[in-house]
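Remarks on the overall topology
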Amino acid sequence: MIPEHLRQVADGVLREAAKDPRVLAVVAGGSVASGISDEYSDLDLVLVCTAEGQPACLAEAKEFAARVGPLLSSFSGEHVGEPRLLIALFGPPLVHVDLKFVTPDGLRTRVEDGVVLWQRDDTVDKVRADSEAAWPQPDPQWIEDRFWPWVHYTAVKIARGELFEAIEALGALRGLAIAPLATWGRTSRPAGVRRFETLAPELVPELRATIATADADDCLRALEAAVDVYRKVREGVPMVRRTAAEEAVVAFLRAS
């Protein structure tokens with residue numbers, strides 16, 4: 001179940017978890033849980049801790065990781081909105097591991113059930129019996145409401161000569177708007193442009209056209225390509241189109 005390159009670190013986590021009475025279970029998520037892991041996969045682990053012990057376990061997360069194996073670097077996950085997360089790099093060989101320390105109550109709100117690798121008791125089973133995992137799904141209306149202001153923002157950055165900012169904005173259009181609609185109904189676990197090549201292979205050339213170099217004309221070309229592919233992928237997706245905004249922004253682009 002766990003790829004060979006992740007097994008040593010996984011075994012280390014299980015060993016250290018079993019030594020700590022505050023830890024009740026270790027659950028694997030991500031590609032391991034979904035059965036699509038390969039030699040490039042990271043290791044996503046949830047450590048279920050007692051309610052009383054979780055704050056201390058989280059405070060000692062780096063020390064825990066250092067006992068697991070050769071820890072090269074680690075940092076907490078506030079930048080992705082998850083302060084319970086420790087992101088760690090082990091090696092050599094290099095292995096990326098996410099360790100999330102949650103309480104049983106915190107486990108009730110989860111995106112996936114995962115695979116229980118080890119458990120001290122039946123806490124995880126009880127939580128799963130009366131709660132349900134829910135992977136975040138894109139909201140087409142949220143996307144449509146924002147897409148045209150985002151396009152205008154990007155066009156202004158190009159006109160001002162802030163080309164690297166424009167390139168960043170084009171990436172956001174792909175990940176936050178185009179890819180979620182392009183993969184609508186094709187996956188139960190949408191994740192921006194991840195695995196886009198597999199989920200929507202026929203659209204790869206059109207998405208490739210939205211990638212720009214640090215040149216104003218090329219950025220404008222890529223932005224126009226983004227508008228074209230967005231209009232295509234939103235067909236058949238339920239939403240109220242913001243037609244007035246669309247027409248105004250497209251006219252602005254044509255005049256740029």
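It should be noted that the structure appears before, not after, this text.
1. A few points about the nonpolar core
Where a protein is soluble and globular, its nonpolar side chains tend to be buried together. One finds F147, W148, V151, L223 and Y230 to be the most contacted residues of the largest nonpolar core, which totals 34 residues. Every element with two or more residues in this core is listed here: helix 6 (140-160), helix 7 (163-182), helix 10 (216-233) and helix 11 (243-255). Not counting the four nearest positions on each side in its chain, W148 is found in contact with V227, Y230, R231, R234, R242, A245, E246, V249 and V250. Counting residues in each nonpolar core, the second largest holds 26 residues, with V9, V13, A65 and V97 among its members.

2. Description of the sheet that holds strand 6 (residues 115-119)
Spatially, 3-4-5-2-1-6 is the arrangement adopted by the six strands of the open sheet, whose pairing is mixed. A single partner strand is all that each edge strand has here, and the edge strands are strand 3 (71-77) and strand 6. With strand direction ignored, the average angle separating the axes of adjacent strands in the sheet is 25°. Examined bridge by bridge, strand 2 (residues 43-49) and strand 5 (residues 95-102) share six bridges and lie parallel to one another.

3. Observations concerning unusual backbone geometry
Of note, the bond from G91 into P92 is cis; its omega dihedral lies within 30 degrees of zero at -5°. When you line up the elements, P92 lands in the loop between strand 4 (82-90) and strand 5. With an omega of -5°, the peptide bond running from P92 to P93 counts as cis. As for its placement among the helices and strands, P93 is situated in the loop between strand 4 and strand 5. Positioned with a positive phi, R195 is a non-glycine residue whose angle comes to about 60°. Take R195: it is sitting in the loop between helix 7 and helix 8 (196-199).

4. A closer look at helix 10
The terminal C-alpha atoms of helix 10, which comprises 18 residues, lie 26 Å apart, in line with the 26 Å expected from a rise of 1.5 Å per residue. Of all the residues in helix 10, the buried ones are D218, C219, L220, A222, L223, A225, A226, V227, V229, Y230 and V233. Where helix 10 is buried, its residues contact helix 6, helix 7, helix 9 (204-208) and helix 11. Capping the start of helix 10 is the job of one residue whose side-chain oxygen sits 3.1 Å from the backbone nitrogen of D217: D215.

5. So, the packing of helix 10 against helix 11
Contact pair helix 10 / helix 11: the axes reach a minimum separation of 11 Å and the direction vectors enclose 155°. Looking at the two axes, helix 10 sits roughly antiparallel to helix 11. Classified by chirality, the crossing of helix 11 by helix 10 is left-handed. Side by side, helix 10 and helix 11 meet where L220, L223, E224, V227 and R231 of the first sit next to E246, V250 and L253 of the second. Of the residues contributing to the contact of helix 10 with helix 11, the split by class is five nonpolar, no polar and three charged.

6. A look at the pairing of strand 4
By the bridge criterion, six bridges tie strand 3 to strand 4 in an arrangement that is antiparallel. Along strand 4, the bridge assignment pairs S76 with L86. If you look at the hairpin formed by strand 3 and strand 4, you'll find four residues sitting between the two strands, and G81 has a positive phi there, around 75°. Here six bridges tie strand 4 to strand 5, and the two strands are oriented antiparallel to one another.

Scoring rules and cut-offs
Residues numbered from 1 in each chain as written. Predicted model: local features only at pLDDT ≥ 70, side-chain atom pairs only at ≥ 80, totals over all residues. Heavy atoms only, no water. Core = buried A, V, L, I, M, F, W, Y, C linked by side-chain atoms within 4.5 Å. Buried < 20%, exposed > 50% of the residue type's maximum accessible area, 1.4 Å probe, protein only. Helix = DSSP H or I, 4+ residues; strand = E, 2+ residues; numbered from the N terminus. Contact = heavy atoms within 4.5 Å. Pairing = 2+ DSSP bridges. Axes fitted to C-alpha atoms, helices over the stretch in contact; angles between N-to-C directions. Expected span 1.5 Å × (residues − 1). Polar contact = N/O pair within 3.5 Å; in protein donor to acceptor, adjacent residues only side chain to side chain. Parallel < 35°, antiparallel > 145°, perpendicular 65-115°, else oblique. Left-handed = near helix turned anticlockwise from the far one by under 90°. Nonpolar A, V, L, I, M, F, W, Y, C, P; charged D, E, K, R; others polar.

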